[in-house]
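If you want the building blocks of each chain, they are given just below.
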Amino acid sequence: MINLTQAPCDKQLRIVDIQGGHGVRRRLLSLGFHKNHLIELDSRSILGGPILVRDLTSDTSVALGRGIAQKIMVEIVDE
Amino acid sequence: MRLLTNKNRYPDIIFIGQPNSGKSTLFNAIAGLKAETSNFPGTTVEHTHSKVNVEGKILNIIDLPGSYTLNPSDEVENVALKHLFVEKPDLIINVLDASILGRSLELTIELIELGYPMVVALNMMDLAEKKGIETNVDKLSQILGVPVVPTIATHGRGIKELLNTTLKVLRKTETVKPIRWSKDVEDKISELEQMIPSDFPIVQNKRFTAVKMIEAEKLLFDKMLLEINPSLKKGLDSVRKALEERHSAPAYEVIAAERHHLALKIFEESSRVTRRRRIDWLERIDDIIMHPFLGYLILLGVFLAFFIIIFEVGNPLEELLLGPLNSLRVYLADNLGRGLLFYLTEGLIQGIGGGIAIVLPYFIPLLFLMSLLEDIGYLARASFLMDTFMHKIGLHGNSVSPFILGFGCNVPAVISTRILESRRDRIITSLLIPFVPCSARTTIILALIAFYLGPLWALGFYVFNIFLLGLLGRIISLFFKDPSPGLILEIPSLKMPSLKNMARKTYVQLKAFAKFAWPILIAGSVLLALLQFFHLDRFVNLFLSPLVEKALGLPQELGVTLVFGFLRKELSLVMMLQALGVNYQELMSVVSQQQLVVFAVFICFFIPCLSTVAILWKEIGRGVALVSMALNTAVAFVISLVVRLIFKL
């Protein structure tokens, strides 16, 4: 289990856990970040800056600050 | 109650949808097409109303801010929830983005739980088709239990069918039934439903109230319930606990997951995805715009072009409008004499004309370009790119668009801080906005510094201004213990802009500005004209002379211009010449270079103008407005002194 900032780009990732306060969790939930959901890290993320996450089911992109990305725990899905 | 009022009022139709679903485009297409009375935003820009006539029947349509869910913890989404609770609409039009149907349906499911009559507008059908998503509209309608109408708002397609369906549904009084979730969750919900006493304020149906109670975990509602009805709170807690234990997740997450899974299931049952590809050329453009290096170059280019266009359009327009205004003043001076009547009319003209000739020429192109950047989806990308820099001043990417708006006018910039989800970010951003040089202050910088000292000085002033903004941000954020919550922002897919939509957006924002700031401008100008007529300006100069003469080393006559500056920044410029009794070309014969820079610096940074203070007071609170005034004055004072010292060396 790694957090989103440590995850490799362009590989399918499964959300295992979302940590952090309920305010942040609620906001992430409303944007489709649920447990077991499949996402992908976009290569266009900025070094040391925000990352870009692609939701594979709904085909949307969400920008996340690093602090928030660290709270999302994922595992790499073997294809 | 409803029966009594029904005869005399028009049915309320609410437009609601997730952000970027094209909801406002659809609303504007309908309101713009058949608007009977004009569109008026509340001064708060909370929602837009319009009355439309559909085949002889008048409907009162209301556009609510985009919301992902009816989550009561978010300030913007609270507006939507409150409206649904208090105003009880006659019908809901839920606008969906068909190209991301799976996620959009989550809000639909939640709205259906409310039980109000409802119509779904399946929007952006063209985009969905390009993405290879085929939705069986009849099947979707059958599963949801409400009519579904496919639309393409940008082309005006499907709007007639949508309105006809709306009328049809209004005539029937069928209740909408919620779609059932997993049995164990449903059992717990009905268990809680039984506990709700009959005198409890119910919104439409008991099930919805029960669900919302479970979801309100850790929010203000819980504390209130504990005081009002402790036994119900106890029952609620036990229901939550049972859900938590069974699903090993907080109860509100269990509910959210139920909706999520249901939405995906409905999506799979109603739609077929033939090829999962984004449009190639758009993706390629996106790659360049968001590129970690090229992206910043483009961002810089966009901002430069942004300002060049605004000044290229604004400058000639301003001259064009100022000319007749000046002739009118000369004419009035000749014909009205120098009596009270002249001063009053002159004040009135200054107020009305200042708004038209000085603010609008820059403000309209700015609003228009802003809506273009927003429409094509660039604003979200700029926020993404700027996030790292904003972190350095204690904020994050979401504050970027209020700052950009601030270059036009600080007033709408303060209003737009509503998009920030945390109060901390809102306060810091609002305190920094008055340091963003608005179009009025840019006029001063151009007219004083660029004209007399050269354009490089003006550029230097701008660079210093932005540096100061960053420094202040760092200092202000030291006063807040919690760090900024960080960026969570959906990046919508790039879209072609719609001219009609941009014009509409500009118009609505312009009207909000005119309603709020203009009256203050006019009243201020008239007041100052009276001050001059009764020669009270001498006392003002005398009173301010310790500051103006002793500390800043400026001519005493400039004291009154500071008061003008508080009412309207650019008035200081006009009054400066008048106070010193010289014309524009002769200015340098009565003031030194140093005095000129000190004056410009002080005027630009001291107290935000009256309209800005008023909007800060109204939007963020009295405390913040007062702090803002003190902070600006202190900063202006210190920098002016430093400038004076540097010139002495």
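Definitions and cut-offs
Residues numbered from 1 in each chain as written. Chains lettered and ligands numbered in written order. Predicted model: local features only at pLDDT ≥ 70, side-chain atom pairs only at ≥ 80, totals over all residues. Heavy atoms only, no water. Patch = residues over 30% accessible without salt bridge, like charges linked within 9 Å, V, L, I, M, F, W, Y side chains within 5 Å. Areas by Shrake-Rupley, 256 points an atom, 1.4 Å probe, with all protein chains shown as cover. Salt bridge = Lys/Arg side-chain N within 4 Å of Asp/Glu carboxyl O. Helix = DSSP H or I, 4+ residues; strand = E, 2+ residues; numbered from the N terminus. Pairing = 2+ DSSP bridges. Contact = heavy atoms within 4.5 Å. Axes fitted to C-alpha atoms, helices over the stretch in contact; angles between N-to-C directions. Core = buried A, V, L, I, M, F, W, Y, C linked by side-chain atoms within 4.5 Å. Buried < 20%, exposed > 50% of the residue type's maximum accessible area, 1.4 Å probe, protein only. Polar contact = N/O pair within 3.5 Å; in protein donor to acceptor, adjacent residues only side chain to side chain. Phe/Tyr/Trp six-rings, centres within 6.5 Å; stacked < 30°, edge-to-face > 60°.

J.: Would you mind going over a nonpolar patch on the surface with me for this structure?
T.: All names here are of chain B. A grouping of Ile309, Val313, Leu317, Leu320, Leu321, Leu348, Ile352 and Ile356 is seen on the molecular surface, where their side chains present a nonpolar patch of about 610 Å² in accessible area. Among the secondary structure elements, those contributing two or more residues to the nonpolar patch are α14 (294–336) and α15 (340–376). With five residues, α14 is the single largest residue contributor to the nonpolar patch. Checked against the element boundaries, Leu320 lands in helix α14.

J.: Explanation requested: the sheet that holds strand β4 (residues 51–55) of chain A in the structure shown.
T.: Pairing between the strands of a sheet is mediated by backbone hydrogen bonds and can be parallel or antiparallel. If you walk across this open sheet you meet the seven strands as β1(A)-β6(A)-β2(A)-β3(A)-β4(A)-β5(A)-β10(B), and the pairing is antiparallel. What marks the edges here is a single partner per strand, and that holds for β1 (2–3) of chain A together with β10 (488–491) of chain B. Bridging between β1(A) and strand β6 (residues 72–76) of chain A involves two bridges; their strand directions are antiparallel. The residue of β6(A) that forms the bridge with A:Ile2 is A:Val74. Most of the contacts of helix α16 (residues 378–392) of chain B go to β10(B), to which it runs at about 135°, and overall it touches β4 and β5 (60–64) of chain A together with β10 of chain B.

J.: Before we go on, may I ask you to explain the nonpolar core in this structure?
T.: One broad trend across soluble globular proteins is that nonpolar side chains are buried collectively. Residue and element names in this part refer to chain B. One finds Leu432, Leu448 and Leu587 to be the most contacted residues of the largest nonpolar core, which totals 104 residues. If one sorts the elements of this core by residue count, helix α26 (residues 593–605) sits on top with ten residues. Apart from the residues lying within four places of it in its own chain, the contact partners of Leu432 are Ile393, Leu395, Phe403, Leu469, Leu472, Gly473 and Ile476. Of all hydrophobic cores here, the second largest spans 54 residues; its members include Tyr116, Ile133, Ile189 and Ile214.

J.: I keep staring at the side chain of B:Asn410 and nothing clicks. Help me out?
T.: All names here are of chain B. By the element assignment, Asn410 lies in helix α18 (residues 410–415). Owing to a relative accessible area of 3%, Asn410 belongs among the buried residues under this scheme. Separated by 3.0 Å, the side chain of Asn410 and the backbone oxygen of Gly406 make a polar contact. Engagement of the side chain of Asn410 in a polar contact is seen with the side chain of Arg441, the distance being 2.6 Å. Not counting the four nearest positions on each side in its chain, Asn410 is found in contact with Ile433, Pro434, Val436, Cys438, Arg441 and Thr612.

J.: Can you walk me through the packing of aromatic side chains in this structure?
T.: Any aromatic ring pair is given by two values, namely how distant the centres are and how the planes are angled relative to each other. Residues and elements named next belong to chain B. Tallied over the entire structure, the rule returns ten aromatic pairs over all chains. Aromatic pair Tyr296 and Phe389: ring centres 6.0 Å apart, planes at 85°, arrangement edge-to-face. One end of the pair, Tyr296, is in helix α14; the other, Phe389, is in helix α16, with 93 residues separating them in the sequence. Look at Tyr296 and you get partly exposed, because its relative accessible area is 22%. Using a relative accessible area of 47% as the deciding quantity, one classes Phe389 as partly exposed. Joined through ring pairs, the aromatic side chains of Phe342, Tyr343, Phe533 and Phe534 make up one cluster.

J.: Could you clarify how one ought to interpret the pattern of salt bridges in this entry?
T.: All names here are of chain B. With the rule as written, the count across this model stands at 22 salt bridges over all chains. Glu110 is paired through a salt bridge with Lys212; the nearest N and O atoms lie 2.8 Å apart. Taken together, the residues Glu110 in helix α4 (residues 101–114) and Lys212 in helix α9 (residues 206–215) connect sequence positions 102 residues apart. Accessibility assignment for this pair places Glu110 and Lys212 in one class, buried. Between Arg381 and Asp286 there is a salt bridge; the shortest N-O distance is 2.7 Å. A residue pair is termed long-range when its members are at least 10 positions apart, and Arg381 in helix α16 and Asp286 in helix α13 (residues 280–289) qualify at 95 residues.

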